[in-house]
Amino acid sequence: MKAGVGLFSALALFLLMGAVLTQQGRPKKPTRRPATTRRPSVAKPAVPAQPEPQEPTDFPPPILGPPSMFPDCPRECLCSPNYPNSLNCENRNIRAIPVIPSRTHYLYLQNNYISEVTAEPFVNASEIRWINLANNRILRINKQVFEKIPSLLYLYAHRNQLKEVPQGLPASLEQLRLSRNRITKIPSGAFGKMENLTLLDLYHNQLSDSDLGRNTFKDLKGLMQLNLAHNVLKKMPDGVPSGLIQLFLDRNRIDDIPKNYFRDLTHLAFVRLNYNQLSDKGVPKGVFNISSLLDLQLAHNQLTSVPLFNGHLEQLHLNHNSIENINGTLICPYSLQADLSDHSLAPKLRYLRLDGNHLSPPIPLDVIMCFRHLHSIVI
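Residues numbered from 1 in each chain as written. Predicted model: local features only at pLDDT ≥ 70, side-chain atom pairs only at ≥ 80, totals over all residues. Heavy atoms only, no water.

### Points about the state of the cysteines
Here is step 1 of the chain: Summed over the entire model, instances satisfying the criterion amount to 3 disulfides.
Here is step 2 of the chain: Here C73 pairs with C79 through a disulfide, and the sulfurs are 2.1 Å apart. The chirality of the disulfide connecting C73 with C79 is right-handed, given an S-S dihedral of about 95 degrees. As far as burial versus exposure is concerned, C73 and C79 are alike and both buried.
Here is step 3 of the chain: Here C332 is linked by a disulfide to C370, with a sulfur-sulfur distance of 2.0 Å. Taking the torsion about the sulfur-sulfur bond, which here is approximately 85 degrees, the covalent link between C332 and C370 counts as right-handed. Here the residue C332 occupies a position in the loop between α3 (328-331) and β14 (351-353), and C370 occupies one in helix α4 (residues 365-370), the gap between them amounting to 38 residues.
Here is step 4 of the chain: Overall, C332 belongs to the buried group, its relative accessible area being 9%. (Disulfide = S-S within 2.5 Å. Buried < 20%, exposed > 50% of the residue type's maximum accessible area, 1.4 Å probe, protein only. Helix = DSSP H or I, 4+ residues; strand = E, 2+ residues; numbered from the N terminus.)

Structural data, given as structure tokens:
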């Protein structure tokens, strides 16, 4: 029995040693790939740098219209068969003015991204009467443009980035709207020979007293409305045309009105001086005693008393001043003892605004007795 057990142990030992020897003789697999010979790198030819885009990339692409029955209609615009003399290019995201057909009388280019107006698109557009360039990014309008369109009547270029009034404006022009630009300069002679101009709108620019010389407006014989509101004027503008009907000077820094400023303005009907720095000292007695004046606005100033005015005045705005009392006997254009049984002879004042002062109701009786046409008093 013992001999059998020994034989079995010897056999097991022999098999175990054979397994160990077999493992030692088997070659190991490499853990990494053998290094390979790399091809020498060849330098690639340099790619030329792409030029910068000509247009800002944040602008939306231009909108192209459908094919038109008019072969000369630019793809950026619309040409209606019902209005063959109109070229409608507004709201098309265009950067430059396309070539204008010779049949065009009315040109609409508002609400685009135009930065400069040059003469080339207008070579054959001599019949243009009306141009609307509002709400673009125009920095300059070349004076050669107006040589191509000598019959222009209306030029609307508000809401742009102009720094001066365009030069070379045609003598035919009747309305010029340049509000909400950055104008600080009116070149000498900019309005020369423009006797047909009836409306000049320079609202919301950066004009100062030094930018308005005595002769700036001298050639505007037919001017009826002058809007210089929302600039930085400290004085009343010199040399305004005598035929003026409307003068708007709101939101400036005016603190003084010369004594005889309105003497020669015999047609002046509307004067607006709201939001200035006028005090009693800067308003001479009787300066507003103008028979043609219908509407006088002096709101948001520093007045402590009601200025004298003519019996033909119909509307008076004195709200938001420092007025503490109102004396109807003093401000009445006529004597309260006069016979005013005929209401047509009574002062014409219909609307009086006094809110925002240091007043409280009731309205003094002498005010009611004088201004019998009053329909509305705000206090």
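### Observations regarding the packing of aromatic side chains
Here is step 1 of the chain: This structure, assessed with the given rule, holds 8 aromatic pairs.
Here is step 2 of the chain: Arranged with centres 5.3 Å apart and planes meeting at 65 degrees, the rings of W130 and Y156 form a pair that is edge-to-face. Taken as a pair, W130 in strand β4 (residues 130-132) and Y156 in strand β6 (residues 154-156) lie far apart in primary sequence, 26 residues in all.
Here is step 3 of the chain: Judged by relative accessible area, W130 falls into the partly exposed class, the value being 24%.
Here is step 4 of the chain: Consider the rings of F309 and F371, whose centres lie 5.8 Å apart with planes at 25 degrees: the pair is stacked. Placement of F309 in the loop between β12 (295-297) and β13 (315-317) and of F371 in the loop between α4 and β15 (376-378) is noted, with a sequence separation of 62 residues between them. Of the two residues examined, F309 and F371, each falls in the buried class.
Here is step 5 of the chain: Taken together, the aromatic side chains of Y106, W130, Y154 and Y156 make up a single cluster linked through ring pairs. (Phe/Tyr/Trp six-rings, centres within 6.5 Å; stacked < 30°, edge-to-face > 60°.)

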